[in-house]
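Structural characterization, general
Here is what each chain is made of, one letter per residue.
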Amino acid sequence: MLIGAALGEFVNHEEVLRFTLLPEEGEELRWTLIDVVGSNLAQLVELPTKLDEMVALIGTDHGGTKENPRILDWRAVFDLPDDMVENFNNALVRYERSVQMGIA
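All of these numbers come straight from a predicted model, not from anything done at the bench. (Residues numbered from 1 in each chain as written. Predicted model: local features only at pLDDT ≥ 70, side-chain atom pairs only at ≥ 80, totals over all residues. Heavy atoms only, no water.)

What follows deals with the overall build of the protein. Broken down by element type, the protein carries five helices and zero strands. Taken over C-alpha atoms, the radius of gyration comes to 21 Å for the protein, far larger than the 13 Å a tight globule of 104 residues would show. Taking all 104 residues of the protein together, the buried fraction comes to 17%. Residue pairs at least 24 apart in sequence account for 67% of intrachain contacts in the protein once pairs closer than 6 positions are excluded. Of the roughly 8200 Å² of accessible surface on the protein, 59% is carried by carbon and sulfur atoms. (Helix = DSSP H or I, 4+ residues; strand = E, 2+ residues; numbered from the N terminus. Rg over C-alpha atoms; globule rule 2.2 N^0.38 Å. Buried < 20%, exposed > 50% of the residue type's maximum accessible area, 1.4 Å probe, protein only. Contact = heavy atoms within 4.5 Å. Areas by Shrake-Rupley, 256 points an atom, 1.4 Å probe, with all protein chains shown as cover.)

Shown next, in the form of structure tokens:
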């Protein structure tokens, strides 16, 4: 339930980014953030199946022993686009300049 709730919040975050209207000066910042979280969610599609596999091993002969336990390993790696931080920082500088000039 917690994982489902977290995924729902990630989807809500992406939806807000996509459909929030900002002044033109803020659009570049918004577009830099769109799909940063969402692009990582695809990995988590496997998570419920992996958790079911792990739970199904409870009370079975899972092939491990106390001395040599069976280890299950599944990882989700969350990445940012290579240029995301640079693009965001550049967009932020341009936005701050526009605010200072009284455009925003």
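Once that is clear, we can look at the pattern of salt bridges. Within the structure shown, the criterion is met by four salt bridges. Where Glu53 meets Lys50, a salt bridge forms, and the shortest distance between an N and an O atom there is 3.9 Å. Pair noted here: Glu53 and Lys50 are both in helix 4 (residues 47-56), with a separation of three residues, about one helical turn. For Glu53, a relative accessible area of 44% corresponds to the partly exposed category. The class for Lys50 is partly exposed, based on a relative accessible area of 26%. (Salt bridge = Lys/Arg side-chain N within 4 Å of Asp/Glu carboxyl O.)

This brings us to the environment of Ile3. With respect to the helices, strands and loops of the structure, Ile3 is situated in helix 1 (residues 2-19). With 41 residues separating them in the primary sequence, Ile3 and Leu44 have C-alpha atoms 9.4 Å apart. Contact partners of Ile3, with chain neighbours within four places excluded, come to Leu47 and Leu51.

The terminal C-alpha atoms of helix 5 (residues 84-100) lie 24 Å apart, and with 17 residues this matches the ideal 24 Å at 1.5 Å per residue to within 8%. Residues of helix 5 that are buried include every one of Met84, Ala91 and Ser98, and no others. In an axial view of helix 5, the angular spread of the buried residues amounts to 60°, which keeps them on one side of the axis. Exposed residues pointing more than 90 degrees away from the buried face of helix 5 are listed as Glu86, Arg97 and Gln100. (Expected span 1.5 Å × (residues − 1). Arc of directions from axis to C-beta.)

Looking at the element boundaries, Glu14 is found in helix 1. One buried charged side chain, Glu14, makes no salt bridge at all; its nearest oppositely charged neighbour is Arg18, positioned 4.6 Å away. Here the side chain of Glu14 touches Gly38 through a polar contact of 2.9 Å, landing on its backbone nitrogen. Filtering out sequence-adjacent residues up to four positions away, Glu14 remains in contact with Leu33, Ile34, Asp35, Val36, Val37 and Gly38. (Lys, Arg positive; Asp, Glu negative; His and termini not counted. Polar contact = N/O pair within 3.5 Å; in protein donor to acceptor, adjacent residues only side chain to side chain.)

Honestly, that's just the spatial picture; any functional story needs more than this.
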